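Understanding the architecture of this molecule
These are the residues of each chain, in order.
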Amino acid sequence: MSTTGQKGRMLRRAAVAACAVLAATFTGTTTGVGTAAEPRPDVVYLIAAAPLDGAVVRGGAEVNGRVYPRSIVQRVGPADPVNQVEYHLGRHWKSFLATVGLRDDSPTGGTVSFEVSLDGTPVHRTELTVGQSRDIVVDTGGAFRMKLTVTGPGRQGGINYGAWGDARLTTS
């Protein structure tokens, strides 16, 4: 067989594969984490998920004296007292779990509120001060989008870091 024939077959295979990827992308088969062709895990930590909108710091966070290695953190301060980040759920996930609180390097007296909204409707709200934490579990069954909002004290406060410790989505 000639080298030219092999190259042609390889190029055709690559083109077919590229078309299949584009077809999956534009036919709405994405799930927010992976695509329909990829197996979906039972648990996804938000540290590994790309938000649709907004910015977070990903990594470890110490909250109330405990380290949460797979956390997302939202910064709020006098110039930006509200920080929102949104994730695509694709109606696949059943629960959102996290330990929320201010990162331990937030200023003394810092207070923030944590809010979870599903498809534009607030479903959970918690207000905490530095040195406090709370485990939250939110039923996300059937939700298409999830927005996480951290709201700080406004002009009176310094820079506060709202942490979603080990924030994760599960199918159970």
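Let us look at the structure shown here. What you are looking at is a predicted structure, and each value in this text was computed from that prediction instead of being measured.

A short note on the pattern of salt bridges
All chains considered together, the criterion is met by two salt bridges. The partner of Arg103 in a salt bridge is Asp105, and the shortest N-O contact between them spans 2.8 Å. Linking Glu127 and Arg125 is a salt bridge whose minimum nitrogen-to-oxygen distance equals 3.9 Å. On the basis of relative accessibility, which here comes to 48%, the residue Glu127 falls in the partly exposed class.

Things to note about the sheet that holds strand β6 (residues 111-118)
Pairing is antiparallel across the open sheet formed by four strands, whose spatial order is β4-β9-β6-β7. On the outer flanks of this sheet lie β4 (82-88) and β7 (121-129), each paired with one strand and no other. This sheet shows a mean twist of 15° between the axes of neighbouring strands, independent of strand direction. Two elements, β6 and β7, share eight bridges in a ladder whose sense is antiparallel. Looking at β7, one finds that Val112 is bridged to Leu128.

What to know about the environment of Pro69
One can find Pro69 in strand β3 (residues 66-76). Not counting residues up to four positions away in its chain, the partners in contact with Pro69 are Ile47, Gly59, Gly60 and Asp166.

Some remarks on the packing of aromatic side chains
Applying the stated rule across the entire model yields two aromatic pairs. Pairing Phe96 with Trp164 gives two aromatic rings, centres 6.0 Å apart and planes at 55°, and the pair type is tilted. Residue Phe96 is located in strand β5 (residues 95-102), and its partner Trp164 is located in strand β10 (residues 160-170); the two are separated by 68 residues in the primary sequence. Each ring, one from Phe114 and one from Trp164, has its centre 5.3 Å from the other, and the planes form 90°; the classification is edge-to-face. With Phe114 in strand β6 and Trp164 in strand β10, this residue pair connects regions lying 50 residues apart in the sequence. Grouping residues by exposure puts Phe114 and Trp164 together as buried. Pairwise contacts between aromatic rings join Phe96, Phe114 and Trp164 into one cluster. The positively charged end of Arg70 is found above the aromatic ring belonging to Tyr45, 3.9 Å away from the centroid.

Considerations on the environment of Arg145
Position of Arg145 among the secondary structure elements: in strand β9 (residues 145-151). For the pair Arg145 and Leu52, spaced 93 residues apart in sequence, the C-alpha separation works out to 9.4 Å. With sequence-adjacent residues up to four places away left out, Arg145 is seen in contact with Leu52, Glu86, Tyr87, His88, Leu89, Ser117, Leu118 and Asp119. Here His88 takes part through its side chain, which lies 3.2 Å from a polar atom of the side chain of Arg145.

Let's talk about the nonpolar core
Of all hydrophobic cores here, the largest spans 28 residues; its most connected members are Leu46, Tyr87, Phe96, Met146, Leu148 and Trp164. For Met146, the contacting residues outside a window of four places in its chain are Leu46, Val85, Glu86, Tyr87, Leu89, Phe96, Val116, Ser117, Leu118, Thr140 and Leu169. Counting five residues, the second-largest nonpolar core is a separate cluster that includes Ala61, Val63, Tyr68 and Ala163.

Here's the deal with the environment of Gln74
Of note, Gln74 is situated in strand β3. Looking at Gln74, the relative accessible area reads 0%, which means it is buried. Considering only alpha carbons, one finds Gln74 and Ala163, 89 residues apart in sequence, at a separation of 6.4 Å. The residues contacting Gln74, other than those within four sequence positions of it, are Val56, Asn83, Gln84, Val85, Leu148, Thr149, Val150, Asn160, Tyr161, Gly162 and Trp164. Within the local environment of Gln74, its side chain forms a polar contact with the backbone oxygen of Asn83, the two atoms lying 2.9 Å apart. Looking at Gln74, its side chain comes within polar contact range of the side chain of Trp164, at 2.6 Å.

The rules behind these values
- Residues numbered from 1 in each chain as written.
- Predicted model: local features only at pLDDT ≥ 70, side-chain atom pairs only at ≥ 80, totals over all residues.
- Heavy atoms only, no water.
- Salt bridge = Lys/Arg side-chain N within 4 Å of Asp/Glu carboxyl O.
- Buried < 20%, exposed > 50% of the residue type's maximum accessible area, 1.4 Å probe, protein only.
- Pairing = 2+ DSSP bridges.
- Helix = DSSP H or I, 4+ residues; strand = E, 2+ residues; numbered from the N terminus.
- Axes fitted to C-alpha atoms, helices over the stretch in contact; angles between N-to-C directions.
- Contact = heavy atoms within 4.5 Å.
- Phe/Tyr/Trp six-rings, centres within 6.5 Å; stacked < 30°, edge-to-face > 60°.
- Lys NZ or Arg CZ within 6 Å of the ring centre and 35° of its normal.
- Polar contact = N/O pair within 3.5 Å; in protein donor to acceptor, adjacent residues only side chain to side chain.
- Core = buried A, V, L, I, M, F, W, Y, C linked by side-chain atoms within 4.5 Å.

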